Amino acid sequence: MTVAPKRPIQYTTTNYLILLVTTLLGLLTTYAQNAPISFRRLSTTDGLSQSSVITIDQDHLGQMWFGTRDGLNKYDGTNFSVYRNIPDDSTTISNNDVLAIDEDKNGNIWVGTYFGLNKYNPKKNIFKRYFKADKNSVPNNTIWCIKVLKNSKIWIGTSAGLAVYNTNTNTFESKTISGIPTYLEDRLILCIHEAKNGDVWLGTSEGVVVLKYKGDNKFNLKSVQSALFVQAIEE
């Protein structure tokens, strides 16, 4: 019986490329595992308005926004800009106790405070305020959380229920959304999370509420977990 000799392995450009990429990935993984993690501390000596940072967000330009007990802070990587309430100037932030920050599709920075909701226009450098006393506005002046959903609508959690703002019509449409339980009107909405499948999770003072998105501004109540004080939700 004659045994045919084994054919030598022929290395092509693709073989070498795959080998090179695999080697580089291995080296990078090893470096990432062994590389020390360094932290840079930013404090009031660097320009931060106050040391109690309650909320953090990053805008599309890469700038960092910090909400403190004494003002809204923008950090561009070098310097801080501080935004505080100025009495008798309605174009400034409504309150210095900042609780929530998020950016909408137009680059506006939405800021929730202990007294009032604010929309900051970076181009004009002015704030627009929203209060409970306004017609078709937020249900309460204490804004605990803000979340811009994939459909660009802004969900706002307050001390007395939920508000939803439509950035296309510039109006609040909380009352027109179907499927949101009415009992939420009496609850603190502390956090809002949109899942990958479109469901909206609400953390409240009395548990978790999961809303199943059906399309066309309609939701179904999916599940409720009570007897919990939920301040953060992540997927």
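These numbers come from a predicted model, not from an experiment.

## Overview of the pairing of strand β2 (residues 64–68)
Okay, so step 1: With four of five residues buried, β2 lies mostly within the body of the structure.
Okay, so step 2: In this structure, strand β1 (residues 53–58) lies alongside β2, joined through five bridges in antiparallel fashion. Opposite Val53, over in β2, you have Thr68 as the bridge partner.
Okay, so step 3: Between the antiparallel neighbours β1 and β2 lie five residues, among them Gly62 with a positive phi of about 90°.

## With respect to the sheet that holds strand β16 (residues 218–226)
Okay, so step 1: With respect to topology, four strands assemble into an open sheet ordered β13-β14-β15-β16, the strand pairing being antiparallel. The open sheet has two edge strands, β13 (189–194) and β16, and neither has a second partner. Neighbour to neighbour, the strand axes of the sheet diverge by 20° on average, direction disregarded.
Okay, so step 2: Judged from the five bridges that link them, β13 and strand β14 (residues 200–204) form a sheet pairing that is antiparallel. Of the residues in β14, the one forming a bridge with Ile189 is Thr204.

## A short note on the layout of surface pockets
Okay, so step 1: Its boundaries defined by the atoms lining it, the largest pocket holds a volume of some 590 Å³.
Okay, so step 2: Lining the largest pocket are 22 residues, with Trp144, Cys145, Leu190, Cys191 and Gln231 positioned closest to its centre.
Okay, so step 3: Mapped by element, the contributors of at least two residues to the lining of the largest pocket are β1, β5 (98–103), β9 (143–148) and β13.
Okay, so step 4: Residue classes in the lining of the largest pocket are distributed as 14 nonpolar, three polar and five charged.

## A word on the side chain of Lys119
Okay, so step 1: Residue placement: Lys119 occurs in strand β7 (residues 116–121).
Okay, so step 2: Summary of buried charges: Lys119 has no salt-bridge partner, and the nearest side chain of opposite charge, Asp104, is 5.9 Å away.
Okay, so step 3: When sequence neighbours within four positions are dropped, the list of residues in contact with Lys119 reads Asn108, Ile109, Trp110, Ile126, Phe127, Lys128, Tyr130, Tyr165 and Asn170.

## A look at the sheet that holds strand β11 (residues 161–166)
Okay, so step 1: The antiparallel open sheet is built from four strands, whose spatial order is β9-β10-β11-β12. With one partner strand each, in any of the chains shown, β9 and β12 (171–172) form the two edges of the open sheet.
Okay, so step 2: When β11 meets β12, the two strands line up antiparallel, connected through two bridges. Within β12, the position partnered with Asn166 by the bridge is Thr171.

## Overview of the packing of aromatic side chains
Any pair of aromatic rings gets described here by the distance separating the centres and the angle formed by the planes.
Okay, so step 1: Under the counting rule described, the total for this entry stands at 15 aromatic pairs.
Okay, so step 2: Measuring from centroid to centroid gives 5.6 Å for Tyr130 and Phe172, while their planes differ by 75°, and the two rings are edge-to-face. On the criterion of sequence distance, the pair formed by Tyr130 in strand β8 (residues 126–130) and Phe172 in strand β12 is long-range, its members being 42 residues apart.
Okay, so step 3: Ring centres of Tyr165 and Phe172 lie 5.0 Å apart, and the angle between their planes is 75°; on these two criteria the pair is classed as edge-to-face.

## Description of the environment of Tyr213
Okay, so step 1: Positionally, Tyr213 belongs in strand β15 (residues 207–215).
Okay, so step 2: Accessibility expressed as a relative area gives 35% for Tyr213, which makes it partly exposed.
Okay, so step 3: Distance from Tyr213 to Val200, taken between C-alpha atoms, is 7.4 Å for residues 13 residues apart in sequence.

## What to know about a nonpolar patch on the surface
Okay, so step 1: Taken together, the side chains of Tyr183, Leu221 and Val224 make up a nonpolar region of the molecular surface, amounting to roughly 230 Å² of accessible area.
Okay, so step 2: As for its position among the elements, Leu221 is in strand β16.

## A look at the environment of Ile109
Okay, so step 1: By secondary structure assignment, the location of Ile109 is in strand β6 (residues 109–113).
Okay, so step 2: On the accessibility criterion, Ile109 (1% relative accessible area) is buried.
Okay, so step 3: Taking the C-alpha atoms as reference points, Ile109 and Pro122, 13 residues apart in sequence, are found 7.7 Å from one another.

Parameters at a glance
Position numbers for residues count from 1 along each chain, tracking the sequence in the order it is written. In keeping with the predicted nature of the model, local features appear solely for residues at pLDDT of at least 70, side-chain atom pairs appear and are counted solely at 80 or more, and the whole-chain, interface and lining totals rest on all residues. As a rule here, side-chain values cover all heavy atoms of the structure and leave hydrogens and water aside. Think of it in three bands: residues with accessible area under 20% of the maximum for their type are buried, residues over 50% are exposed, and the middle band is partly exposed, with areas taken using a 1.4 Å probe on protein chains only. Elements are defined by DSSP. Helices are runs of H or I of four residues or more, strands are runs of E of two residues or more, and each kind is numbered from the N terminus. The pairing criterion for strands is at least two bridges between them, as found by DSSP. Axes here refer to lines fitted to C-alpha atoms; in helices the fit is confined to the stretch in contact. Angles between the N-to-C directions go from 0 to 180 degrees. Cavities and pockets are found on a 1 Å grid laid over the protein atoms alone: a cavity is a set of points where a 1.4 Å probe fits but cannot escape, a pocket is an open set with protein on both sides within 12 Å along at least five of seven lines, and a lining residue has an atom within 4 Å of such a point. Grid points are joined across faces, edges and corners, and a volume is the space filled by probe spheres set on the points. Residues are grouped as follows: nonpolar covers Ala, Val, Leu, Ile, Met, Phe, Trp, Tyr, Cys and Pro; charged covers Asp, Glu, Lys and Arg; every other residue, Gly included, is treated as polar. Only four residue types enter the tally: Lys and Arg on the positive side, Asp and Glu on the negative side; His and the chain ends are excluded. Salt bridges are identified by distance alone: a Lys or Arg side-chain nitrogen within 4 Å of an Asp or Glu carboxyl oxygen. Whether two residues are in contact is decided by their heavy atoms, any of which lying within 4.5 Å being enough. A pair of aromatic rings is counted whenever rings of Phe, Tyr or Trp (Trp by its six-membered ring) have centres within 6.5 Å, and the orientation is called stacked for planes under 30 degrees apart, edge-to-face for over 60 and tilted otherwise. Note that patches include only residues with greater than 30% relative accessible area and no salt bridge, and the join distances are 9 Å for like charges and 5 Å for nonpolar side chains (Val, Leu, Ile, Met, Phe, Trp, Tyr). Here the accessible surface of atoms and residues is derived via Shrake-Rupley with a 1.4 Å probe, and residues count as covered only by protein chains that are part of the display.

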